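Chain by chain, the residues:
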Amino acid sequence: EDQVTQSPEALRLQEGESSSLNCSYTVSGLRGLFWYRQDPGKGPEFLFTLYSAGEEKEKERLKATLTKKESFLHITAPKPEDSATYLCALNSGGYQKVTFGIGTKLQVIP
Amino acid sequence: KAGVTQTPRYLIKTRGQQVTLSCSPISGHRSVSWYQQTPGQGLQFLFEYFSETQRNKGNFPGRFSGRQFSNSRSEMNVSTLELGDSALYLCASSLEGVGTEAFFGQGTRLTVV
């Protein structure tokens, strides 16, 4: 059975203090790994899709990387507006199945 | 372009009642999937519809059902509500299905009392 584990569950950073969020997974045949951002009371917002080990994608202060067993979301010099819950999800076995992690709640303090 | 619209935003029901939630996807998207989100379980996949056909279903009891109309709008129904059904229900639309980039609505907050 596909499994997605995110760590840490919660992270508190000072503004400008860079860090990484982890998403480890076990899956038979990864077809894609997704990162989403979710603000309180809202639906998740798509950030990145990674398809193969070694792939990297960047967007503003965020950079996502992928290995065969885990993905990292690196946050460089975060700002308070980066505070949100970051969700990792993976797709296996075709278009019809996706498994989400519980997420990492990030708080960036001014 | 308009995003995914879910109605209603908030709902309070009593145990034993049934409820219907609605989701209007982004124009041109044929896939609509539904999720239940709770603090302890995270996002749990309910089912996905593509061009009016249910393509996949998660591990939820038969009390949870859905359908999709020819204009891609989708409804989700929960019958015989239980206290444990209290959750945020999210729908997501995409061009090709749940395994591709998905756009989520703001969700419907269901409270069962």
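Above: the structure in question.
Now for a look at the structure at hand. (Residues numbered from 1 in each chain as written. Chains lettered and ligands numbered in written order. Predicted model: local features only at pLDDT ≥ 70, side-chain atom pairs only at ≥ 80, totals over all residues. Heavy atoms only, no water.)

## Things to note about the interface of chain B and chain A
For step 1, the next point in the chain: Contacts between the two partners involve 23 residues from chain B, matched on the other side by 16 residues from chain A.
For step 2, the next point in the chain: Together, the buried faces of chain B and chain A total about 1600 Å²; carbon and sulfur atoms form 58% of this surface.
For step 3, the next point in the chain: Contact with chain A buries area across many residues of chain B, yet Leu-43, Gly-99 and Phe-104 of chain B alone supply 28% of it, more than any other trio.
For step 4, the next point in the chain: Counting across the interface, chain B meets chain A through 0 salt bridges.
For step 5, the next point in the chain: In this assembly, chain B and chain A are joined by 4 residue pairs in polar contact (both at pLDDT 80 or more).
For step 6, the next point in the chain: Among the elements of the structure, strand 4 (31–38), strand 5 (42–50), strand 6 (53–57) and strand 9 (87–94) of chain B are those that each provide at least two residues to the side of chain B that touches chain A. (Contact = heavy atoms within 4.5 Å. Buried area = accessible area lost by both parts, 1.4 Å probe. Salt bridge = Lys/Arg side-chain N within 4 Å of Asp/Glu carboxyl O. Polar contact = N/O pair within 3.5 Å; in protein donor to acceptor, adjacent residues only side chain to side chain. Helix = DSSP H or I, 4+ residues; strand = E, 2+ residues; numbered from the N terminus.)

## So, the pattern of salt bridges
For step 1, the next point in the chain: Taken as a whole and judged by the stated rule, the model has 9 salt bridges over all chains.
For step 2, the next point in the chain: The partner of Asp-39 of chain A in a salt bridge is Arg-37 of chain A, with the nearest N and O atoms 3.0 Å apart.
For step 3, the next point in the chain: Accessibility expressed as a relative area gives 23% for Asp-39 of chain A, which makes it partly exposed.
For step 4, the next point in the chain: For Glu-55 of chain A, the salt bridge goes to Lys-57 of chain A, with nearest N and O atoms at 3.8 Å.
For step 5, the next point in the chain: The structure contains a network of salt bridges with shared partners spanning Arg-63, Glu-82 and Asp-85 of chain B. (Buried < 20%, exposed > 50% of the residue type's maximum accessible area, 1.4 Å probe, protein only.)

## Things to note about the state of the cysteines
Defined simply, a disulfide is a covalent bond joining two cysteines at their sulfur atoms.
Residues and elements named next belong to chain B.
For step 1, the next point in the chain: Taken as a whole, this structure holds 2 disulfides over all chains when the rule is applied.
For step 2, the next point in the chain: In this model, Cys-23 is linked to Cys-91 through a disulfide, with the two sulfur atoms separated by 1.8 Å. Because the torsion about its S-S bond is 65°, the bridge between Cys-23 and Cys-91 counts as right-handed. Pair noted here: Cys-23 is in strand 3 (residues 19–24) and Cys-91 is in strand 9, with a separation of 68 residues, a long-range link. Here the two residues Cys-23 and Cys-91 agree in accessibility, since each one is buried. (Disulfide = S-S within 2.5 Å.)

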